[in-house]
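Fold and contact review
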Amino acid sequence: MAKWWRSGAGGLRVLTTNSPTLSSKAASYHTIQAIPRECTGTRVAARDRAQGRIPAVVFSHNLLEKDPNSRSATKKHLLTTESKQIQSIVRSVKLPFFCSTRFPLQIRAGSGSSVLLESGNIHRDEKTGKILNLVFVWAEAGSDLKVNVPIVFKGEDVSPGLKKGGNLNRIRTSLKYLCPAEHIPPKIEVDVSNLDIGDRIFMRDVEVHPSLKLLSKNDDIPICKIVTTELENPESAGV
């Protein structure tokens with residue numbers, strides 16, 4: 001399987017990643033290798049998986065538009081990736097950051113760079129957790145993509161409210177943004193180090209690159225809150 005990857009004739013255009021966890025060397029290491037496939041169907045996909053491959057598809061970003069008049073005439077690209085490489089990348093980059101990190105993509109019959117769509121497009125077997133299918137979208141320079149960016153909470157170890165015995169209620173685990181391809185963040189860090197019991201952080205409080213547009217009609221929605229752990233006994237409430 002590795003031979004045709006090394007001997008692939010297609011060129012490679014590398015996009016740098018703005019992930020703080022991935023250096024340029026790591027980004028090069030995480031170049032996803034693939035070959036085109038012409039056939040589709042349940043039997044073909046099952047055969048690929050039995051041979052250690054994962055079916056994948058790459059869309060042009062405007063093929064995903066709900067308005068048919070806004071969609072590109074470009075067809076989707078059907079690919080096959082190696083299961084071992086994808087599993088290795090997932091372990092290294094970690095979920096859910098895998099789904100908001102840009103990866104260079106090398107195809108034997110061509111070249112390009114891509115970004116994975118939101119985590120719902122990594123299709124897994126419910127029983128085994130095995131990755132069944134992958135969905136990509138081209139991250140052309142200058143294009144805008146809708147991406148669910150995972151939230152990472154920091155400062156829990158020094159939060160006054162948590163030190164008093166409160167709990168961090170994670171109301172949202174991700175936020176959806178319209179992002180320029182070159183500014184897609186792999187994650188959003190939310191600092192809770194100053195929160196006391198009852199304090200909240202709202203969508204509007206999150207600081208991101210100015211080119212990112214929050215895809216929410218209401219930014220006055222909390223993404224987390226420090227709540228008390230004390231539970232009132234309803235039988236003693238009236239005593």
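All of the points below concern the structure found in this document. Bear in mind the structure is a predicted one, so any value in this text is a computation, not a measurement.

1. Concerning helix α3 (residues 42-50)
Restricting attention to buried positions, one finds in α3 the residues Val44, Ala45, Asp48 and Arg49. Each buried residue of α3 lies within a common arc of 135° when the element is viewed along its axis, so the set occupies one face. Set apart from the buried face of α3 by more than 90 degrees, the exposed residues are Thr42, Arg43 and Ala50. In this structure, the buried side of α3 is in contact with β2 (53-59), β3 (77-82) and β7 (131-138). One or two steps after α3, the chain reaches glycine 52, where phi turns positive at roughly 85°.

2. Brief notes about the environment of arginine 37
If you trace the backbone, arginine 37 turns up in the loop between β1 (32-36) and α3. A sequence separation of 42 residues divides arginine 37 from leucine 79, and the C-alpha atoms of the two residues are 5.2 Å apart. Every residue in contact with arginine 37, bar those within four places of it in the chain, is listed here: Asp48, Pro55, Ala56, Leu78, Leu79 and Thr80.

3. Some remarks on the sheet that holds strand β14 (residues 222-227)
Taking strand neighbours across the sheet as the criterion, the 3 strands line up as β9-β14-β12 in an open arrangement whose pairing is antiparallel. Because the sheet does not close on itself, it has two edges, and the strands there are β9 (167-170) and β12 (200-202). Going from strand to strand, the sheet's axes swing by 10° on average, the running direction of each strand aside. One ladder, built from 4 bridges, connects β9 with β14; its direction is antiparallel. Across the sheet, the residue bridging to leucine 168 is isoleucine 226, located in β14.

4. As for the sheet that holds strand β8 (residues 144-154)
Within the open sheet, the 4 strands sit side by side as β11-β8-β10-β13. Their pairing is mixed. The two strands at the open ends of the sheet, each matched to only one other strand, are β11 (188-191) and β13 (213-214). One ladder, built from 4 bridges, connects β8 with β11; its direction is parallel. Opposite isoleucine 151, over in β11, you have isoleucine 188 as the bridge partner.

5. Focus on the side chain of glutamine 85
Within the element layout of this structure, glutamine 85 appears in helix α4 (residues 83-93). At 2.7 Å, the side chain of glutamine 85 and the backbone oxygen of threonine 31 are in polar contact. In this view, glutamine 85 contacts Thr31, Ile32 and Gln33; residues no more than four positions away in its chain are not counted.

6. With respect to the pattern of salt bridges
Counted under the stated rule, the structure contains 6 salt bridges. With its nearest N and O atoms 3.4 Å apart, the salt bridge here joins lysine 154 to glutamate 189. Linking lysine 154 in strand β8 with glutamate 189 in strand β11, this pair joins segments that are 35 residues apart in sequence. By relative accessible area, which is 40% here, lysine 154 ends up partly exposed. According to the relative accessible area criterion, glutamate 189 is partly exposed, its value standing at 44%. A salt bridge links arginine 170 to glutamate 156, with the shortest nitrogen-to-oxygen separation between them at 2.8 Å. Within this pair, whereas arginine 170 is found in strand β9, its partner glutamate 156 is found in the loop between β8 and α5 (160-163), the two being separated by 14 residues in sequence. Through salt bridges with shared partners, a single network forms among Lys154, Lys187 and Glu189.

7. Structural notes on the nonpolar core
The biggest cluster of nonpolar side chains holds 25 residues, and the ones touching the most others in it are Leu175, Tyr177, Val190, Val192, Ile223 and Cys224. When residues in this core are grouped by element, the largest group, 5 residues, is from β8. Apart from the residues within four sequence positions on either side, valine 190 is in contact with Ile151, Val152, Phe153, Lys154, Ile201, Val206 and Ile223. With 20 residues, the next largest nonpolar core counts Ile32, Val93, Ile131 and Phe136 among its residues.

Conventions adopted
- Residues numbered from 1 in each chain as written.
- Predicted model: local features only at pLDDT ≥ 70, side-chain atom pairs only at ≥ 80, totals over all residues.
- Heavy atoms only, no water.
- Buried < 20%, exposed > 50% of the residue type's maximum accessible area, 1.4 Å probe, protein only.
- Helix = DSSP H or I, 4+ residues; strand = E, 2+ residues; numbered from the N terminus.
- Arc of directions from axis to C-beta.
- Contact = heavy atoms within 4.5 Å.
- Pairing = 2+ DSSP bridges.
- Axes fitted to C-alpha atoms, helices over the stretch in contact; angles between N-to-C directions.
- Polar contact = N/O pair within 3.5 Å; in protein donor to acceptor, adjacent residues only side chain to side chain.
- Salt bridge = Lys/Arg side-chain N within 4 Å of Asp/Glu carboxyl O.
- Core = buried A, V, L, I, M, F, W, Y, C linked by side-chain atoms within 4.5 Å.

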